[in-house]
Amino acid sequence: APLVEPDASEVRLLQLVDGDGGLLLGSGEKASQLATKLNRGVTKAVFLAILRQSRADPLSQFVESGGLRSLGKWLVEDDDEELGLLVLKTLLAPIPVTKRAIRSSGIGKIVKRLREGSSQMREMCAKVMDDWVKSVGDERVEEPTKQQQSSVVVVSAASKPLSSDPLASALTKTKSNTTRIERAE
């Protein structure tokens, strides 16, 4: 018998872990939803370790599904500096963040406020912010209009261009190695 009986959230978390200790492919959205329900500090620490072991695809899904919001909430609500430092260390891991994800989750403001904490916390916050500036510093962030949302299709650079589409008017390479196809109206 286990030394500690896992709660329902911990059991669900274990179902999302691959053989390497990271998130299973395709489980990023479920992990993001589950992160909102974790309440024990030890479980959150395990969750953060799993994120640090995860591959890019499930991490991207986690971020796109609002996972940074949960991590930010943990930083604000948990009065545990050790957990806060673990969250910040996880943010330094190769989590694929975008300016949009940082802004929409509010985690950028939270990290900025945490710089007023202990020297360890200040140092870790500075590293996270420097890392974000390096990785997304020149990325343009503009909220697309409704018309732009319906007229822009993003496809992987590895996929074939839609040259047979008569509406495709311009191809531009973006920093994230995707191709943007803007349709003429």
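These remarks concern the structure in this document. In this text, all values refer to a predicted model and were calculated from it rather than measured experimentally.

### Observations concerning the pattern of salt bridges
- Here the structure, examined in full by the defined rule, presents 5 salt bridges.
- Across the pair arginine 40 and glutamate 10 runs a salt bridge whose closest N-O atoms are separated by 2.8 Å. One end of the pair, arginine 40, is in the loop between α2 (28-35) and α3 (41-53); the other, glutamate 10, is in helix α1 (residues 8-14), with 30 residues separating them in the sequence.
- What makes glutamate 10 buried here is its relative accessible area of 10%.
- Note that lysine 127 is salt-bridged to glutamate 123, the shortest N-O span being 3.7 Å. Separated by 4 residues within a single helix, lysine 127 and glutamate 123 lie in helix α9 (residues 119-136), roughly one turn from each other.
- A single network of salt bridges, built from pairs that share partners, joins Asp18, Asp20 and Arg55.

### Considerations on the nonpolar core
- Ranked by size, the top nonpolar core spans 37 residues in total, and within it Phe47, Leu71, Leu88, Leu91, Ile107 and Val111 carry the most contacts.
- Elements supplying a minimum of two residues to this core: α2, α3, α4 (56-64), α5 (67-77), α6 (81-92), α7 (99-105), α8 (107-114) and α9.
- Per-element tally for this core: the top contributor is α9, with 6 residues.
- Sequence-distant contacts of leucine 88, defined by excluding residues within four places in its chain, comprise Leu75, Val111, Met121, Met124, Cys125 and Val128.

### Re the environment of glutamine 53
- Among the structural elements, glutamine 53 can be located in helix α3.
- Sequence separation between glutamine 53 and aspartate 20 is 33 residues; the distance between their C-alpha atoms is 7.3 Å.

### Examining α4
- Listing the buried residues of α4 in full gives Pro58, Leu59, Phe62 and Val63. Seen end-on, α4 carries its buried residues on one side only, within an arc spanning 140°. Seen from the open side of α4, the exposed residues pointing more than 90 degrees away from its buried face are Asp57 and Glu64.
- Against the buried residues of α4 lie α2, α3, α5 and α7.

### A look at the layout of surface pockets
- One number sums up the size of the second largest pocket: a volume of about 300 Å³.
- Lining the second largest pocket are 13 residues, and of these Ile102, Arg103, Gly108, Met129 and Trp132 lie nearest its centre.
- At the level of secondary structure, the elements contributing two or more residues to the lining of the second largest pocket comprise α7, α8 and α9.
- Residues of the lining of the second largest pocket, tallied by class, amount to 6 nonpolar, 3 polar and 4 charged.

### Structural notes on α5
- For α5, the complete set of buried residues consists of Gly67, Leu68, Ser70, Leu71, Gly72, Trp74 and Leu75.
- Lining the buried residues of α5 we find α2, α3, α4, α6, α7 and α8.

### A closer look at the packing of α3 against α6
- Running from amino to carboxyl end, α3 crosses α6 at an angle of 15°, the nearest separation of the two axes being 10 Å. As far as their axial angle goes, α6 and α3 are roughly parallel. In the packing of α3 onto α6, the handedness of the crossing is left-handed. Of α6, the residues touching α3 (which contributes Gly41, Lys44, Ala45, Leu48, Leu51 and Arg52) are Leu83, Leu86, Val87, Lys89 and Thr90.

Parameters and conventions
Residues numbered from 1 in each chain as written. Predicted model: local features only at pLDDT ≥ 70, side-chain atom pairs only at ≥ 80, totals over all residues. Heavy atoms only, no water. Salt bridge = Lys/Arg side-chain N within 4 Å of Asp/Glu carboxyl O. Helix = DSSP H or I, 4+ residues; strand = E, 2+ residues; numbered from the N terminus. Buried < 20%, exposed > 50% of the residue type's maximum accessible area, 1.4 Å probe, protein only. Core = buried A, V, L, I, M, F, W, Y, C linked by side-chain atoms within 4.5 Å. Contact = heavy atoms within 4.5 Å. Arc of directions from axis to C-beta. 1 Å grid on protein atoms, 1.4 Å probe; cavity = no way out; pocket = protein on both sides within 12 Å on 5 of 7 lines; lining within 4 Å. Points joined across faces, edges and corners; volume = space filled by probe spheres on them. Nonpolar A, V, L, I, M, F, W, Y, C, P; charged D, E, K, R; others polar. Axes fitted to C-alpha atoms, helices over the stretch in contact; angles between N-to-C directions. Parallel < 35°, antiparallel > 145°, perpendicular 65-115°, else oblique. Left-handed = near helix turned anticlockwise from the far one by under 90°.

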